[in-house]
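Each chain is listed here by its residues.
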Amino acid sequence: MTTSHCPYCSLQCGMTLTREGRSLAVGAWEAFPVNEGALCRKGWTAAGLRGHRERLTTPLVRDRAADGSRGELRPATWDEALDLVADRLTAIRAEDGPDAVAVFGAGGLTNEKGYQLGKFARVALGTSQIDYNGRWCMSSAASAGLRALGLDRGLPFPLADVERADVLVLAGSNLAETAPPAARHLDRLRERGGRVVVVDPRRTPTADRADLHLAPVPGTDLALALGVLHLVVAAGAVDEDYVAARTSGFDAVRRSVTSWWPERVERVTGIAADEVRALADLLISTAARGGRVMVLTARGVEQHSQGSDTVLAWINVALALGMPGREGAGYGCLTGQGNGQGGREHGQKADQLPGYRLITDPAARAHVAGVWGVDPDSLPGKGRSAYELLEALGTPDGPRALLVHGSNIVVSAPNATHVTERLAALDLLVVADLVLSETAAMADVVLPVTQWAEETGTMTNLEGRVVLRQRALTPPEGVRTDLEVIAGLAERLGSPVAFATDPEEVFAELGRASAGGPADYSGITYDRIRAEHGVFWPCPATDPAAGGPDGPEGAPHPGTPRLFADRFGHPDGRARFLVTEFRGAAEQPCADYPLHLTTGRVLGQYQSGAQTRRVKELPDTGPFVELHPQLARRLGTTDGELLTVRTRRGAMRAPARVVATIRPDTVFVPFHWVGANRLTNDALDPASRMPEFKVCAAAVSA
Ligand SMILES: Nc1nc2c(c(=O)[nH]1)N[C@H]1C(S)=C(S)[C@@H](COP(=O)(O)OP(=O)(O)OC[C@H]3O[C@@H](n4cnc5c(=O)[nH]c(N)nc54)[C@H](O)[C@@H]3O)O[C@H]1N2
Ligand SMILES: Nc1nc2c(c(=O)[nH]1)N[C@H]1C(S)=C(S)[C@@H](COP(=O)(O)OP(=O)(O)OC[C@H]3O[C@@H](n4cnc5c(=O)[nH]c(N)nc54)[C@H](O)[C@@H]3O)O[C@H]1N2
Ligand code: SF4
Ligand SMILES: [Mo]
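Please read all numbers here as calculations on a predicted model, not as lab measurements.

1. Topic: the site of ligand 3
Contacts to ligand 3 come from Cys6, Tyr8, Cys9, Leu11, Gln12, Cys13, Leu39, Cys40, Lys42, Gly43, Pro180 and Pro181. The residue makeup of the shell around ligand 3, split by class, is nine nonpolar, two polar and one charged.

Below, the structure is given as structure tokens:
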């Protein structure tokens with residue numbers, strides 16, 4: 001029996017893995033505090049890909065004829081596949097320079113893989129062109145957290161703190177379906193007499209657990225947050241002492257909300273003015289009696305062209321009430337992918353070096369180059385963000401080759417038809433995956449890799465807790481780990497430095513590279529993680545508080561479960577109030593496209609579905625169009641009938657699912673199957689470069 005963590009979401013639920021003959025049994029690991037033995041159905045069935053007939057166990061190569069036409073994928077040896085990739089990359093680099101080769105990583109990869117991929121891009125390929133799917137996940141919250149609080153860690157406190165709040169506002173989170181074991185904290189909070197508020201255009205299973213559910217028109221949440229702050233200010237409920245002692249910039253924000261009275265909020269959001277007042281009253285009365293208010297955001301408010309502004313506006317509310325830094329209160333973002341947090345700390349993001357350092361910072365470049373054993377001047381600068389990178393593929397100025405590790409772009413990218421055309425325009429597409437995903441099926445070279453239970457590595461969960469997934473099984477013959485793939489390619493490309501393949505060795509190097517940076521992992525070891533149920537970053541090697549300014553030799557740092565108690569991440573220790581102005585969604589309904597389309601998740605499927613659609617115990621319903629009975633009547637359709645959904649970018653057909661729980665002016669399509677993203681808008685948030693997955697204008701017909 002081995003303890004490990006689930007292969008899917010950011011809760012990284014602890015589980016036990018036991019070999020039973022040729023199969024693997026998932027069991028409860030009661031002692032792991034984040035989930036206390038509970039798993040959702042995806043976790044219980046996670047071993048379903050083990051021994052699956054669609055599991056890739058040999059590299060695949062596609063030959064191209066002299067006229068450029070593409071043949072079928074055929075099996076190849078590892079040497080043939082890796083030699084081919086290295087030869088083509090070398091030729092492309094020689095012709096068009098290092099930026100002609102691009103890398104796309106993922107927030108599902110372990111810290112070790114994400115770190116190694118970032119180093120591989122900068123050192124072995126010398127390219128600036130690397131980004132990852134986390135850009136589509138938490139980047140708006142990351143950008144807002146950095147600007148307002150000076151540090152970006154999804155939750156700046158342990159998840160269990162949630163149940164200590166007196167009022168919890170969940171803005172755009174459906175955690176009952178997207179992190180089910182976390183929903184127990186909502187129940188406990190309410191048993192204690194606390195209140196839960198859910199803001200979501202749909203009455204989700206999460207909203208069913210709420211005391212107050214507000215259903216905005218998709219894309220209008222910023223107006224709600226501005227309206228709430230307006231009422232807090234008008235009621236004289238601002239914690240002036242806290243604002244004076246711990247923040248800066250409030251006066252401008254105070255002025256900016258003067259015209260956001262509840263009736264105006266109602267006109268913009270469709271939420272009744274009385275409901276806006278009810279929410280504000282709850283926050284004001286709670287704060288007035290010294291109670292704790294917590295605001296958590298997720299993709300529902302973040303995946304918008306103004307997502308980072310909406311997060312800033314909610315942070316402003318939390319700061320005005322004096323909450324961030326208090327236990328059981330404050331602001332947090334519920335991260336999404338298994339390693340959504342660690343994935344953005346170690347250098348697979350276009351502007352980043354390990355330790356959450358900026359690639360544009362000369363001191364950061366010098367430190368990291370020192371650990372890598374290369375000249376700082378040899379490191380490239382900042383590259384394109386995920387969507388901008390994909391859009392540039394195969395264009396005269398853009399990359400001609402792309403390596404993908406851990407993302408099924410064809411299904412999950414916005415405006416997917418356009419993105420698929422860009423992938424098809426590449427000279428070389430290389431995909432490392434466990435299965436032939438829709439993206440791998442387009443590749444010139446497919447590299448079969450190990451899956452979670454077959455390899456060891458660390459993940460950083462939504463709380464900033466670094467946990468260890470341990471190998472429980474021997475991988476099938478023929479597959480390699482991502483670390484081995486990276487090392488094999490680096491060697492063939494003539495990398496100036498070698499790449500380690502042992503995860504523990506890579507983790508130790510990552511620790512050194514992160515030392516002194518905001519996300520400092522240098523005091524974390526595999527042994528400590530095993531002994532302590534995970535370690536929270538920042539965790540420098542030694543603890544200055546343990547005696548003397550530098551700490552006694554060897555006194556370990558305890559890790560940091562809670563941030564911001566005394567100071568925020570900015571150099572002056574103060575949080576920043578930042579002014580935001582409501583613009584609204586990039587695409588508004590019109591005569592031709594009169595409805596709002598939003599997209600998201602269902603409990604039984606994960607992301608692009610590449611893994612979970614292949615697990616036979618999970619419900620593979622195919623896509624559907626959720627709509628209100630009033631809209632169904634107007635369209636003359638009934639439950640189960642095929643509908644066509646059209647937007648300016650594309651169309652899809654799927655059966656109607658008629659539910660009274662959605663706004664009558666909005667339809668919802670899950671994105672786990674091909675289709676939803678043919679519809680979605682690629683408008684980007686100017687600060688985070690997050691695409692507007694959560695709202696566009698659509699037409700529906702029977
Ligand atoms: N079952 C399951 N769980 C998952 C995943 C999965 O694929 N499947 N993926 C993981 C990942 S990577 C992520 S990022 C998280 C995402 O976790 P969540 O953010 O909870 O999931 P979503 O379904 O994307 O969006 C949440 C809610 O936003 C609502 N919403 C849509 N538009 C708006 C809007 O304009 N305003 C507001 N306020 N709400 C809106 C939707 O109706 C939806 O109920 O889930 C993680 N967990
Ligand atoms: N319309 C719409 N689109 C969305 C969203 C939305 O809400 N609405 N949400 C966005 C969000 S938040 C996210 S996070 C993205 C996610 O979407 P994707 O980036 O497509 O993520 P996954 O479906 O998890 O893809 C992971 C792929 O990598 C493979 N894989 C798994 N583990 C490994 C590994 O260790 N190594 C390698 N090499 N491969 C591995 C899997 O088999 C799978 O093919 O989708 C985004 N797209
Ligand atoms: S909640 Fe997330 S981590 Fe936990 S079992 Fe489900 S998918 Fe896995
Ligand atoms: Mo995500």
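2. Structural notes on the sheet that holds strand 2 (residues 14-20)
Sheet architecture is open: three strands sit in the order 1-2-3, paired in antiparallel fashion. The two strands at the open ends of the sheet, each matched to only one other strand, are strand 1 (2-5) and strand 3 (23-28). Each strand axis lies, on average, 40° off the axis of its neighbour in the sheet, ignoring direction. Relative to strand 3, strand 2 runs antiparallel, the two sharing six bridges. Considered in strand 3, the bridge of Met15 is made with Ala28.

3. Some remarks on the sheet that holds strand 21 (residues 535-536)
One open sheet accounts for three strands, arranged 19-20-21; its pairing is antiparallel. Every other strand in the sheet has two partners, leaving strand 19 (457-460) and strand 21 as the edge strands with one partner each. With four bridges joining them, strand 19 and strand 20 (residues 465-469) adopt antiparallel strand pairing. Residue pairing for strand 20: Thr460 is matched across the bridge by Val466. This element, helix 3 (residues 111-125), spans strand 19 and strand 20 of the sheet and lies at about 95° to strand 19.

4. Observations regarding the domain arrangement of the protein chain
Here the domain parsing of the protein chain yields domain 1 (2-49), domain 2 (60-137 + 339-514), domain 3 (139-333) and domain 4 (595-701). Averaged C-alpha coordinates put domain 1 and domain 2 at centres separated by 27 Å. Summed over both partners, the interface of domain 1 with domain 2 buries about 1500 Å², with 62% contributed by carbon and sulfur atoms. Linking domain 1 with domain 2 are zero salt bridges, by the criterion used here. Linking domain 1 to domain 2 there are six residue pairs in polar contact (both at pLDDT 80 or more). With four residues, strand 1 is the single largest residue contributor to the side of domain 1 that touches domain 2. Classifying every residue of the side of domain 1 that touches domain 2 by side-chain character gives 13 nonpolar, six polar and one charged.

5. Points about the site of ligand 2
Close to ligand 2 lie 31 residues; Asn133, Ser407, Ser412, Asp433 and Ser608 are nearest. Within the backbone of Ala432, one N or O atom sits 2.9 Å away from a nitrogen atom of ligand 2. Within the side chain of Asp433, one N or O atom sits 2.5 Å away from an oxygen atom of ligand 2. Compared with its free state, where it exposes 920 Å², ligand 2 has 95% of that area covered by protein. When atoms are counted within 2 Å of each cavity's grid points, the one that captures over half of ligand 2 is the largest cavity. Two domains each provide a minimum of three residues to the shell around ligand 2, namely domain 2 (60-137 + 339-514) and domain 4 (595-701).

6. Section: the nonpolar core
Across soluble globular proteins, nonpolar side chains have a tendency to be buried as a group. Ranked by size, the top nonpolar core spans 176 residues in total, and within it Phe120, Leu224, Leu279 and Trp314 carry the most contacts. The contact partners of Leu224, leaving out residues within four places of it in the chain, are Val199, Leu214, Val265, Thr269, Ile271, Val276, Leu279 and Trp314. Ala386, Leu402, Val404 and Ala440 belong to the second-largest nonpolar core, a separate cluster that totals 26 residues.

7. Things to note about the side chain of Arg55
Of note, Arg55 is situated in the loop between helix 1 (41-44) and strand 4 (60-64). Discounting chain neighbours no more than four positions away, the residues touching Arg55 are Leu49, Leu434, Val435, Val449, Thr450, Gln451, Glu454, Pro476 and Val479.

8. So, the packing of aromatic side chains
Taken as a whole, this structure holds eleven aromatic pairs when the rule is applied. Seen in terms of ring centroids, Phe120 and Phe499 are 6.2 Å apart; in terms of plane orientation they differ by 75°. Their pairing is edge-to-face. Of this pair, Phe120 sits in helix 3 while Phe499 sits in the loop between helix 18 (482-492) and helix 19 (503-514); the two residues are 379 residues apart in sequence, bridging distant segments of the chain. Consider the rings of Phe564 and Phe568, whose centres lie 5.1 Å apart with planes at 35°: the pair is tilted. With relative accessibility at 3%, the residue Phe568 sits in the buried group. Taken together, the ring pairs connect Phe104, Trp136 and Phe693 into an aromatic cluster. Sitting over the ring of Phe668, Arg202 keeps its end group 3.7 Å from the ring centre. In this arrangement the basic side chain of Arg264 is found over the ring face of Trp260, its NZ or CZ atom lying 3.6 Å from the centre.

Calculation rules
Residues numbered from 1 in each chain as written. Chains lettered and ligands numbered in written order. Predicted model: local features only at pLDDT ≥ 70, side-chain atom pairs only at ≥ 80, totals over all residues. Heavy atoms only, no water. Near = heavy atom within 4 Å. Nonpolar A, V, L, I, M, F, W, Y, C, P; charged D, E, K, R; others polar. Pairing = 2+ DSSP bridges. Helix = DSSP H or I, 4+ residues; strand = E, 2+ residues; numbered from the N terminus. Axes fitted to C-alpha atoms, helices over the stretch in contact; angles between N-to-C directions. Contact = heavy atoms within 4.5 Å. Domains from an automatic or database assignment. Buried area = accessible area lost by both parts, 1.4 Å probe. Salt bridge = Lys/Arg side-chain N within 4 Å of Asp/Glu carboxyl O. Polar contact = N/O pair within 3.5 Å; in protein donor to acceptor, adjacent residues only side chain to side chain. Areas by Shrake-Rupley, 256 points an atom, 1.4 Å probe, with all protein chains shown as cover. 1 Å grid on protein atoms, 1.4 Å probe; cavity = no way out; pocket = protein on both sides within 12 Å on 5 of 7 lines; lining within 4 Å. Sits in = over half its atoms within 2 Å of the grid points. Core = buried A, V, L, I, M, F, W, Y, C linked by side-chain atoms within 4.5 Å. Buried < 20%, exposed > 50% of the residue type's maximum accessible area, 1.4 Å probe, protein only. Phe/Tyr/Trp six-rings, centres within 6.5 Å; stacked < 30°, edge-to-face > 60°. Lys NZ or Arg CZ within 6 Å of the ring centre and 35° of its normal.

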